[in-house]
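Residues per chain are reported as follows:
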Amino acid sequence: MLDPICLQNEQVLVHAFRPEELERYEHLVKETYQILSDKETLRFIPEKRLRSLADTEIWLKNNILNFHCGRNFLHFITETKSGKLLGMVDIISPALAGEHYQLDHYPHFIEFYLKSDARGQKIMTNLLPFIMAALNSKGIFDVGAVVNKIHFAARKVLLHSGFKHQSSFDAKQDLYYYTVFADDNRLRRVG
């Protein structure tokens, strides 16, 4: 199981579900629904759209349970000062990826979502290298991402963070990999 990632700067905090979220659970459900029902946020992945607050609550509960079962590891991106939810980062286990993708190799996968009004602020551009470093420090050196071929902003964020284009995933999406190998107790990025 992956230990939660916790990163903070002046702008944002990246964290897993914490006891503090219990106190604001209903609000968290509403904020999550705002992100995962927003047409602009999901323009390139409309299949992720949630249709109601009830669906969102089920989705959130499943993700909390899946974290503790080691299937996927949902982390929240919140504004440091206000605590407002800006987005989410999901780290998907190789086992769960194997249930949904047909690949020769199953690394961990990463997905990220930002509120449409948080776009253009370089939040993921600034965070993703630190998230990858945190994963490396936890022994996860091989991470994949599937991105819509015309989602130029997400592709740019991945490339900036050390991901390399691997291949076409399907007609609409490309597969990217981030890989480092341990060599003489030093890590080096490959690709």
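Residues numbered from 1 in each chain as written. Predicted model: local features only at pLDDT ≥ 70, side-chain atom pairs only at ≥ 80, totals over all residues. Heavy atoms only, no water.

**Student:** What exactly am I supposed to notice about the overall build of the protein here?
**Tutor:** Within the protein, the secondary structure is distributed over 6 helices and 9 strands. In summary, the protein has a C-alpha radius of gyration of 16 Å against a globular reference of 16 Å for 191 residues, a match within 12%. If one aligns the C-alpha atoms of the protein with their principal axes, the spans along those axes are about 45 × 40 × 35 Å. Buried positions account for 45% of the 191 residues belonging to the protein. Contacts spanning at least 24 positions in sequence make up 54% of the contacts within the protein whose residues lie at least 6 apart. (Helix = DSSP H or I, 4+ residues; strand = E, 2+ residues; numbered from the N terminus. Rg over C-alpha atoms; globule rule 2.2 N^0.38 Å. Buried < 20%, exposed > 50% of the residue type's maximum accessible area, 1.4 Å probe, protein only. Contact = heavy atoms within 4.5 Å.)

**Student:** Looking at this model, I keep getting lost on the nonpolar core. Mind explaining?
**Tutor:** Soluble globular proteins tend to pack their nonpolar side chains together in the buried interior. Of all hydrophobic cores here, the largest spans 34 residues; its most connected members are Ile77, Ile110, Leu128, Ile131, Leu135 and Phe163. Mapped onto this core, the elements with two or more residues apiece are β2 (12–15), β3 (72–79), β4 (85–92), β5 (108–114), α5 (123–137), β6 (142–148), α6 (152–160) and β8 (173–183). Top contributing element to this core by residue count: α5, with 8 residues. If sequence neighbours within four positions are ignored, Leu128 has contacts with Ile110, Phe112, Val157, Leu158, Ser161 and Phe163. Val29, Ile35, Leu50 and Ile64 belong to the second-largest nonpolar core, a separate cluster that totals 14 residues. (Core = buried A, V, L, I, M, F, W, Y, C linked by side-chain atoms within 4.5 Å.)

**Student:** Help me understand the packing of aromatic side chains in this model?
**Tutor:** The description of two aromatic rings rests on the distance between their centres and on the angle between their planes. Taken as a whole and judged by the stated rule, the model has 5 aromatic pairs. Here the aromatic rings of Phe67 and Phe73 are separated by 5.1 Å at their centres, their planes lie at 90°, and the arrangement is edge-to-face. For Phe67, a relative accessible area of 6% corresponds to the buried category. Through pairs of rings, three or more aromatic residues link up here, namely Tyr101, Phe109 and Phe169. (Phe/Tyr/Trp six-rings, centres within 6.5 Å; stacked < 30°, edge-to-face > 60°.)

**Student:** So what exactly am I meant to see when it comes to helix α3 (residues 53–69) here?
**Tutor:** Between the first and last C-alpha of α3 there are 24 Å, a value that for 17 residues agrees with the 24 Å anticipated at 1.5 Å per step. Where α3 is buried, its residues contact α2 (25–36), β3 and β4. At the C-terminal side of α3, Gly70 shows a positive phi close to 80°. (Expected span 1.5 Å × (residues − 1).)

In short, geometric facts, not functional conclusions.
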